[in-house]
Amino acid sequence: MSINLSFDRQHIWHPYSSITNPGPIFPVVSANGVHIQLENGQELIDGMSSWWCALHGYNHPALNQAIIEQTQKVSHVMFGGFTHEPAIRLCEHLVSLTPDGLDTVFLADTGSVSVEVAIKMALQYWHGTKPQKNRLLAFKHGYHGDTFGAMSVCDPYTGMHHLFSDTLSKQIFMEAPPLGYQAEADTKWLDQLETLFKNHHHTLAAAIIEPIVQGAGGMRFYNPIYLSALRKLCQEYQVLLIVDEIATGFGRTGQWFGSNHAQICPDIMCVGKALTGGYLTLAATLCTQQVAETICEQNPGVFMHGPTFMGNPLACAVAVANLELLMSWPWRERIAEIEQKLHTGLMPLIHHPAVADVRTLGAIGVIQLHEPVKLMDIQPKFVEAGIWLRPFGRLIYTMPPFIISDVELEQLIAGIVKVLGDF
Ligand code: PMP
């Protein structure tokens, strides 16, 4: 039976889509390794890891097996009053992999929810002692999710502030960290950051930032020195530091976490996306013992959050299998090779008249154009070239599954070069 595409187009919302003027949509029937198979028989090389998630590719035997085995034990049970081995094993791994000091884990359902949880932790932390500390410091070009708390800390211009400005909490925004992982530190920006802390610390509960890579707000890489400086100022001015590792976590930038580039430990950290290797939705918010104890020592004595599907055993089991697979694998070497290949393959595009910048970091390659792309026009061209990419704004970017072979990576890069060549 063929897929009912006309029902899809009339009745189903896709991400950031219009029901009345839907963009091109491609029916998928299966996926294996780095290949996504369309209903018409065409096979695409995945350059997106399904939005940063599918590290080990699709249909992986070990991840499949983890879900099958867990299904035969218990697929779901409420986390209020119960616990189970997959959740405990997952949290053991998270505590041990994340920077030393993050000892407490709250399991959430999606990245956005883990950000809501992080914000709520920061507000509850100050609630009993300094309730005037109830705002967040956020950064331009930041992206933290689509729920209301998360939206309030997204870039106020590229985010959705203009649509919901009456409803969103008012936060304090700082210019984005200057562009360039290896660029020299900009002392003016550092001074500005310090001035902002001096002027606003008494109202700031926390600062929130994506470490090293600002993702959906611009695919911008920055010097770890800015993250170290932020950590220091947070400490000095009694402001909690929330690091959003939802996109950067689990090896993507060449380190376990973006925070590792600056060797810092935040007070609160969000992880998600690649946590289950792209199998099921799951995220987590970790915090230090000090944050956890402070929250629990004041009224109402508990942390006020508890999603229905918290700690879902299937999601936890596949996350455990995913992390154990990653730990058993020389991923650092592979990411370094992918980075090198992306750099060599994409850098010549810098001479293309439509291209403003090309940058790579870890297993991420970004081509920034002078003008925004028309997704409706360009997406079918990538599909025709046998690759799957999802550009936005002025950005064509790729973060392939870590298991991509050299040949597949070359095909992916060749597809990008070909489509851009026709511009
Ligand atoms: N934070 C960052 C840095 C993200 O990249 C995303 C997802 N694009 C989110 C938060 C939100 O995660 P989710 O889509 O799972 O709610």
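As shown above, the structure is provided for reference.
Residues numbered from 1 in each chain as written. Predicted model: local features only at pLDDT ≥ 70, side-chain atom pairs only at ≥ 80, totals over all residues. Heavy atoms only, no water.

Along the chain, the regular secondary structure elements total 15 helices and 16 strands. Here the C-alpha radius of gyration of the chain, 21 Å, is about what a compact globule of 423 residues would show, namely 22 Å. Oriented by its inertia axes, the alpha-carbon framework of the chain measures out at about 60 × 55 × 45 Å. Taking all 423 residues of the chain together, 51% fall into the buried category. In the chain, the share of contacts with a sequence separation of at least 24, taken over all contacts with a separation of at least 6, comes to 72%. (Helix = DSSP H or I, 4+ residues; strand = E, 2+ residues; numbered from the N terminus. Rg over C-alpha atoms; globule rule 2.2 N^0.38 Å. Buried < 20%, exposed > 50% of the residue type's maximum accessible area, 1.4 Å probe, protein only. Contact = heavy atoms within 4.5 Å.)

Close contacts around the ligand come from T110, G111, S112, Y143, H144, G145, E210, D244, I246, A247 and K273, and that covers them all. One of the side-chain nitrogen or oxygen atoms of D244 is found 2.7 Å away from a nitrogen atom of the ligand. Between a nitrogen atom of the ligand and a side-chain N or O atom of K273, the distance comes to 3.0 Å. Here the ligand, which alone exposes 400 Å², has 80% of that area covered by the protein. (Near = heavy atom within 4 Å. Polar contact = N/O pair within 3.5 Å; in protein donor to acceptor, adjacent residues only side chain to side chain. Areas by Shrake-Rupley, 256 points an atom, 1.4 Å probe, with all protein chains shown as cover.)

Before going further, it helps to examine a nonpolar patch on the surface. A surface patch of nonpolar side chains, about 220 Å² in accessible area, is lined by I3, L5 and V29. Residue placement: L5 occurs in helix α1 (residues 5–11). (Patch = residues over 30% accessible without salt bridge, like charges linked within 9 Å, V, L, I, M, F, W, Y side chains within 5 Å. Salt bridge = Lys/Arg side-chain N within 4 Å of Asp/Glu carboxyl O.)

Among the 7 residues that make up strand β13 (residues 355–361), 5 are buried, leaving the element largely enclosed by the rest of the structure. Here 6 bridges tie β13 to strand β14 (residues 364–369), and the two strands are oriented antiparallel to one another. Considered in β14, the bridge of R359 is made with V366. Taking the residues that link successive antiparallel strands as the turn, the β13-β14 hairpin has 2 residues, and the phi of G362 there is positive, at about 55°. (Pairing = 2+ DSSP bridges.)

This next bit is on the side chain of R334. Mapping R334 onto the fold places it in helix α13 (residues 331–346). Residues in contact with R334, not counting those within four places in the same chain, are W329, F402, I404, S405 and D406.

On to the environment of N40. Within the secondary structure, N40 is located in the loop between β2 (35–38) and β3 (43–46). A polar contact of 2.9 Å, which involves the side chain of N40, links it to the backbone nitrogen of Q42.

The strand order across the open sheet built from 4 strands is β1-β2-β3-β15, with neighbouring strands paired in mixed fashion. Across the chains shown, the open sheet's two edge strands, defined by having one partner strand only, are β1 (28–32) and β15 (387–388).

Here the focus is the packing of helix α5 (residues 111–127) against helix α11 (residues 289–296). A pair of packed helices is captured by two measures, namely the crossing angle of their axes and the spacing between those axes. In contact at an axis separation of 8 Å, α5 and α11 are set at 60° when each is read in the N-to-C sense. By the angle class used here, α5 and α11 are oblique. Relative to α11, α5 is oriented so that their crossing is left-handed. Listed contacts from α11 to M121, Q124 and Y125 of α5 are Q290, V291, T294 and I295. (Axes fitted to C-alpha atoms, helices over the stretch in contact; angles between N-to-C directions. Parallel < 35°, antiparallel > 145°, perpendicular 65-115°, else oblique. Left-handed = near helix turned anticlockwise from the far one by under 90°.)

Attention now moves to helix α14 (residues 375–384). The complete set of buried residues in α14 reads I378, Q379, F382 and V383. Take α14 and look down its axis: the buried residues cluster within an arc of 140°, on one side only. Once α14 finishes, G386 follows within two positions and takes phi at roughly 80°, a positive value. (Arc of directions from axis to C-beta.)

Note that K130 resides in the loop between α5 and β5 (135–139). Residues K130 and A205, spaced 75 residues apart in sequence, show a C-alpha to C-alpha distance of 8.9 Å. A distance of 2.8 Å separates a polar atom in the side chain of K130 from a polar atom in the side chain of Q238.

Moving on, we get to the nonpolar core. Judged by nonpolar contacts, the single largest core of 117 residues is most densely connected at L90, L137, L230 and F250. A66, I67, L314 and V318 belong to the second-largest nonpolar core, a separate cluster that totals 6 residues. (Core = buried A, V, L, I, M, F, W, Y, C linked by side-chain atoms within 4.5 Å.)

This part takes up the packing of aromatic side chains. The tally for this structure, following the rule as stated, stands at 12 aromatic pairs. Summarising the aromatic geometry, the rings of F106 and F303 are spaced 5.5 Å apart at their centres and angled 85° between planes, so their arrangement reads as edge-to-face. Of this pair, F106 sits in strand β4 (residues 102–108) while F303 is found in the loop between α11 and α12 (313–327), placing the two residues 197 residues apart along the sequence. Each of the two residues, F106 as well as F303, counts as buried. (Phe/Tyr/Trp six-rings, centres within 6.5 Å; stacked < 30°, edge-to-face > 60°.)

Before going further, it helps to examine unusual backbone geometry. Put simply, N299 and P300 share a cis peptide bond, and its omega is 5°. Note that P300 resides in the loop between α11 and α12. One non-glycine residue with positive phi stands out, namely F250, at about 70°. As for its placement among the helices and strands, F250 is situated in the loop between β10 (240–244) and α10 (258–262). F250 sits in the buried class, given a relative accessible area of 0%. Phi at K273 is positive, roughly 40°, even though this residue is not glycine.

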